[in-house]
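As a plain string of letters, each chain reads:
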Amino acid sequence: MDLKARNCLLQNREALEKDIKTSYIMDHMISDETLTLLEEEKIKAWTTQRERAAALLKIILSKDNYAYISFYNALLHEGYIHLADLLHDDIPIIFPYNGKNSMDRATSYVKTVLCEGGVPQLPMFFVTRSEQAKRIQQKLLKLKSDPGWVIVFGMAGCGKTVLAAEALRDYSLLQDCFPGGVHWVSVGKQDKAGLLMKLQNLCVRLDQDLMYSQRPPLNIEEAKDRLRLLLLRKYPRSLLVLDDIWDSWVLKAFDCNGQVLITSRDRSVADSVPGNKYEVSLESGLSHEKALEILSLYVNMEMSELPEEADSIVRECKGSPLVVSLIGALLRDFPDRWEYYLKQLQNKQFKRIRKSSSYDYEALDEAMSISVEVLREDFRDYYRDLSVLQKDVKVPSKVFCVLWDIETEEAEDKLQQFVNKSLLFCDRNGKSFYYYLHDLQLDFLTEKNRSQLQVLHKNVVQQYKKHYKQYIPSQEDCMYWYNFLAYHMASAGMHNELCALMFSLDWIKAKTELIGPAHLIHEYVEYSQILDQKDSIACENFQEFLSLNGHLLGRQPFPDIVQLGLCQPENSEVYRQAKLRARQELDKGGFYVEWVNKKSMKNLYRLVVRPHKDAVYHACFSQDRKRIASCGADKTLQVFKTESGEKLLEVKAHDDEVLCCTFSSDGEFVATCSVDKKVKVWSSRTGRLLCVFEEHTEQVNCCQFNNMNYHQLQLATCSNDTCIKLWDLKKRCCRNTLFGHAGSVTHCRFSPDDKYVASCSADGTLKLWYVQSANEMKTVHIGDDFRKGDEYHDMEVLVKCCSWSSNSAIVMVAAKNNNFKKIPVSHHSTDTIQYCDFCPNSQLVAVALPHYSVEIWNIESSSKIADCRHMSGIHSVTFSSDGSLFLTSSNDQTIRVWETNKVCKSSAVVLKHNIDVLFLANEVMILAVDSSKHLKVVKSKSGHKTAVRHCQFTSNGKTVISSSDESTIQVWNWQSDECLLLEGHMESVKNFHLLKHSKLLSWSFDGTVKLWNTVTGELEKDLICHEGTIHSCAVSPDATMFSTGSADKTAKIWNLEDSSILHQLNGHKDCVRCCTFSHDSELLATGDDYGEIRVWNVLKGELLHLCSSVSVDEGESAHGGWVTDLCFSPDSKILVSSGGYIKWWNVDTGEPLQTFYTNGTNLQSLYVSSDFKVFVTVDNLGILYVLRIME
């Protein structure tokens, strides 16, 4: 020991001997290996506390610097701060090579490296498991030259952490393989906030001199980049140890292309990260001799002196390290209770709630019983309260403060008692403590206290109500209540309180803002029996509201849930509460609109989810219809619940876009195929990668499991390499390759009886193959059906997809080319087919079209039954196994679940975008074009039919102005059927505007603006305004100016009388789609395709405000797409805009007042009444919206 350190101990010897209690100090020093068990016995032999302290100091003075440091740390840990302060200034500095010989130097080096890296000390009572530690070391040696992962996995309590720490205590391993050091991180199960905290702490620890940054990273991606930089530049060839990894997404955050050792219960946790992987599987129990050795250390006896009961205890608990350690700790306090504890293990019988392959239930249950019984009676009561917790849930200490009505510190002290006894686990996340029970501990508690569970749950709810005074917690740190309050109410039998909670729009708003809608939908399903008894209609109202709006409630910025509620049917409980809340908010200056004609709109879908961040290419049901798998352009595989949309699994599946996914018939596996040429098979429950097939040489377009042969599980795949392959999942190899197509194979399917495989190709053929022999059965040249006329003789046909009827007798084929599609019902149109599927139990066929819609056809009657739509192009449509549901996937990033019967019974009228509106005294008259391009007067008794592009009423409502694709404008008296044709534009008329005195202003793709006399048909002015297409034109209310917006990203203000330019307005980032003047002609608003709105001073041509949202989800524009139309309120205080949806803006601040989310998107025109109270538009689904501002 350094002379300075030794003198410090001697100078403060009296104070140290007087105050310290040696028992716990010695425990720490034994753990640090600076004090031996024999030395501990010598110290204990002294009678008084002071004599024992003096003996301890005498031994320390005879040791080295490590003993001094260990003693100092023990004082700090046990609360002797004032004594530690006396030793602080003289702490010796340890150098790796200050020993007398090579062995001393090696030991010193290992201690220094592990201490600096935060590697935990070995347990106080520790037996080496050299064989398993050596296996870990052998795998670590493989990381010497290349980065990679060593995964140490095994069941809970098998000693993963201890063995990892033991394996690292090797001089040659550290010196040769990891000269940059070791960095240990105890990870545990984390949410994103907890993970960020772990990463921040690690970065701070590695960059204490602030060489690479002056602040901690602000998000996970930044932390990952920082960590990669530090390990590469500052700590090259170092080992990162991640202890207790639970989730693959957490592991990805530490993927820094370095050397990593992880411990986990989940063998597949590292499947999602790239790089070399080396696995070490740990045995669940100790050998009989090792277990006895641990017991002998706890009771300080030689193994030969242990009683017979010791052998029986080890046999009864099957050598579980956790159980042996727990029993050993109890025997250390009560060394005469060998027979008692053995009887407890032998006689206690617990009902097994469920069997798990991950845990040894018998041993842990029995050890639990012993541990609980030695608690004080009051602590047994506290521990009994934990019976109401859920499995795998970490509960913050704040919840226990509420439950026990005590201060945070007192609650943490009580909980620490359970942690110390191994009855509870604790994770620290920053300054907060989170507590959780092992599954088997919870099984034990719930079984033991089964008769009291309802009372215990009721106490939880009552304490919650007492603390918060209402059902909505005021702090975000009480996420536990949002997740589990309904569970406690249902378990307590508090049905009235549960219904009041679940039928509260306030609760829905608070919960969905924090955790999204999926968990709420799950609760409506979970507690449906209770909720239906109270009010089945209200339960249906709320569940439908969440199911149909879930894709909106999961986005940022979070939509106004009251406004969404106002879109529900007027007899809905959701609407009633929303209207009540809206009226309350109106008194505070709120802004809400009502959907006046919503009775005409019926939602045909059952659930809408938005699991992906890009286009969804395919989605399918599991055989039992309870789960949906989906994949898409974001390269991920997702699995979620059909009822609620609750995410069950997310896997980064491939290195490129994932084109198809499919469930096996038993639902245990999911296969995916990708542009990266690979086919992968995953566990549908855990997301573990089971096998990878890489024999295709080009992108793999489709994959499908066979239907019935569980013992001969096969997978069919097809590719652009012209081949179909049949894979044997049991042998994990290709069973057969089917050759014969001359072009890319786009789709393949097993017949329902698994005897045949159908494949279709870009070569224009459908081929049928025998599964057993892999021989070709038949080839059908689909293209011949398209070439029966001279007009189509040279047409190239691509066969897109195929589908079998339920009896395997019919194959439906969908073929596409530039102009036509064909299905067996001989239907033709100018759309192309993306996908098709037979309904399993009927003659229905679903056909997905690229432009928003799915059509349902009856194969027998050759008639279209119904159609339904997305907001963007559709990639696939798939029926459930019973045909009651079908799902669609789309470019709009959503998956929609539809009820087949509801869709087939629908008779909704679908309108085109282009409408005109006349606001009369007591009604709104709407001129619209339907899906057949027929002109209709909505809410009127008469109408005329013609193909039109735009249409508009004159002010008296008697004349309709319409434009067509042939660059003409018609002035049409729809009552007398008289028509005047205005000709002059060189390209299609973009739109037109009616002026006073029978004047009309039109603008076109040809870049010109023309002024017409609608009575005589005379062209009065012809102006070339822009180099590009003119998308919009507006006339000032005082009729002195007009403005134009163009594809050249500029807007211009013109003098209407002499046609001179007044201002050119620059600054837009994309083409200017729309423009409008304020009613006083002092302001001009312009909107562009970037989703931004600019408000200008007309007199000066200066920009006043930029209207945009504060935060935008997934990089989406502030307006959800192009801004297509604008209108000022009469007082110029409010601006309304249309685009992806409808928004109202505060003109003075540029902030949004309200957003109305339409069912579809791409709103092209918005019509506003003169009093700014009524708004009319049509979305891309053909749904008409008549909205009114609430007053």
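You'll find the structure just up there.
This is a predicted model, so every value here is computed, not measured.

(A) Molecular detail of the overall build of the chain. When its secondary structure is counted, the chain shows 32 helices and 62 strands. Counting all 1191 residues of the chain, 55% fall into the buried class. Of the contacts formed within the chain by residues at least 6 apart in sequence, a portion of 53% connects residues at least 24 apart.

(B) Representation of the packing of aromatic side chains within the structure. Taken as a whole, this structure holds 28 aromatic pairs when the rule is applied. An aromatic cluster is present here, built from Phe379, Tyr382, Tyr383, Phe400, Trp404, Phe418, Phe433 and Tyr435 joined pairwise through their rings. Against the face of tryptophan 1122 rests arginine 1073, its NZ or CZ located 3.9 Å from the ring centre. The cationic tip of lysine 1143 hangs over the ring face of tryptophan 1145; the distance from NZ or CZ to the ring centre is 5.4 Å.

(C) Highlighting unusual backbone geometry. Positive phi is not limited to glycine here, since alanine 1039 has a value of about 60°. In this fold, alanine 1039 is placed in the loop between β48 (1030-1035) and β49 (1041-1046).

(D) How the structure looks around the state of the cysteines. Enumeration over the complete set of coordinates arrives at zero disulfides. In this structure cysteine 539 is not part of a disulfide, and its nearest cysteine sulfur, from cysteine 499, lies 8.2 Å away. In this model cysteine 760 remains outside any disulfide bridge; the closest cysteine sulfur is found in cysteine 802, 4.0 Å from its own. Its relative accessible area of 0% is what places cysteine 760 among the buried residues.

(E) Up close: the sheet that holds strand β26 (residues 776-781). Pairing is antiparallel across the open sheet formed by four strands, whose spatial order is β23-β24-β25-β26. The open sheet terminates on both sides in strands that have one partner only, identified here as β23 (745-750) and β26. Adjacent strand axes in the sheet meet at a mean angle of 15° when their direction is disregarded. Taken together, the five bridges between strand β24 (residues 756-761) and strand β25 (residues 765-770) define a ladder with antiparallel strand orientation. In the strand pairing of β25, valine 757 is matched with tryptophan 769.

(F) Here's a closer look at the pairing of β49. The buried fraction of β49 is high, at six of six residues. What you see with β49 is no split at all: Met1041, Ser1043 and Gly1045 on one side and Phe1042, Thr1044 and Ser1046 on the other are buried throughout. Bridge count between β48 and β49: five bridges; the pairing is antiparallel. Among the inter-strand pairings, isoleucine 1030 is bridged to a residue of β49, identified as serine 1046. In terms of strand pairing, β49 meets strand β50 (residues 1051-1055) through five bridges, oriented antiparallel. Note that in β50 the partner of serine 1043 across the bridge is isoleucine 1053.

(G) View of the side chain of threonine 512. When you line up the elements, threonine 512 lands in helix α27 (residues 505-515). The class of threonine 512 is buried, set by a relative accessible area of 2%. There is a polar contact of 2.6 Å between the side chain of threonine 512 and the backbone oxygen of isoleucine 508. The contact partners of threonine 512, leaving out residues within four places of it in the chain, are Pro517, Leu520, Leu546, Leu553, Phe558 and Ile561.

(H) View of the pattern of salt bridges. Scanning the model with the defined rule gives 34 salt bridges in all. Taking the shortest distance from any N to any O, the salt bridge between lysine 579 and glutamate 594 comes out at 3.0 Å. One end of the pair, lysine 579, is in helix α31 (residues 573-586); the other, glutamate 594, is in strand β9 (residues 593-595), with 15 residues separating them in the sequence. Look at lysine 579 and you get partly exposed, because its relative accessible area is 22%. The salt bridge partner of glutamate 776 is lysine 767, with a shortest N-O separation of 3.3 Å. Look at the salt bridges and you will find they share partners, linking Lys1069, Asp1088, Glu1092 and Arg1094 into a network.

(I) Quick look at the nonpolar core. Counting residues in each nonpolar core, the largest one holds 92 residues, and the members touching the most others are Leu386, Phe400, Trp481 and Tyr524. Excluding residues that lie within four positions of it along the chain, phenylalanine 400 makes contacts with Leu386, Leu389, Val395, Asp405, Ala411, Leu415 and Tyr435. Among the nonpolar cores identified, the runner-up in size contains 30 residues, and Leu140, Val150, Leu163 and Leu174 belong to it.

(J) Spatial organisation of the pairing of strand β56 (residues 1125-1128). Judged by which residues are buried, β56 turns out to be covered on both faces: Asp1125 and Cys1127 on one side and Leu1126 and Phe1128 on the other are all buried. Pairing geometry for β56 and strand β57 (residues 1134-1138), over four bridges, is antiparallel. Directly across from aspartate 1125, in β57, lies its bridge partner serine 1138. Taken together, β56 and the strand that follows it, β57, pair antiparallel across an intervening segment of five residues, in which serine 1132 is found at a positive phi of about 65°.

(K) The packing of α27 against helix α29 (residues 528-553), seen in detail. It is the contact of α27 with α29, at a shortest axis distance of 13 Å, that shows an interaxial angle of 30°. Taken together, the axis directions place α27 and α29 in an arrangement best described as roughly parallel. Like other packed secondary-structure pairs, α27 and α29 cross with a definite hand, here right-handed. Residues Leu505, Ile508 and Thr512 of α27 lie in contact with α29, whose contacting residues are Phe542, Phe545, Leu546 and Leu553. Of the residues assigned to the contact of α27 with α29, the class counts are six nonpolar, one polar and no charged.

(L) The arrangement of the packing of helix α3 (residues 22-31) against helix α5 (residues 49-61) in detail. Relative orientation of the contacting elements α3 and α5 amounts to 25°, with a least axis distance of 10 Å. Classified by the angle between their axes, α3 and α5 sit roughly parallel to one another. α3 and α5 meet at a crossing whose hand is left-handed. Of the residues in α5, those in contact with Thr22, Ile25, Met26 and Met29 of α3 are Arg52, Ala53, Leu56 and Ile60. In terms of residue class, the contact of α3 with α5 is made up of six nonpolar, one polar and one charged.

The rules behind these values
- Residues numbered from 1 in each chain as written.
- Predicted model: local features only at pLDDT ≥ 70, side-chain atom pairs only at ≥ 80, totals over all residues.
- Heavy atoms only, no water.
- Helix = DSSP H or I, 4+ residues; strand = E, 2+ residues; numbered from the N terminus.
- Buried < 20%, exposed > 50% of the residue type's maximum accessible area, 1.4 Å probe, protein only.
- Contact = heavy atoms within 4.5 Å.
- Phe/Tyr/Trp six-rings, centres within 6.5 Å; stacked < 30°, edge-to-face > 60°.
- Lys NZ or Arg CZ within 6 Å of the ring centre and 35° of its normal.
- Disulfide = S-S within 2.5 Å.
- Pairing = 2+ DSSP bridges.
- Axes fitted to C-alpha atoms, helices over the stretch in contact; angles between N-to-C directions.
- Polar contact = N/O pair within 3.5 Å; in protein donor to acceptor, adjacent residues only side chain to side chain.
- Salt bridge = Lys/Arg side-chain N within 4 Å of Asp/Glu carboxyl O.
- Core = buried A, V, L, I, M, F, W, Y, C linked by side-chain atoms within 4.5 Å.
- Parallel < 35°, antiparallel > 145°, perpendicular 65-115°, else oblique.
- Left-handed = near helix turned anticlockwise from the far one by under 90°.
- Nonpolar A, V, L, I, M, F, W, Y, C, P; charged D, E, K, R; others polar.

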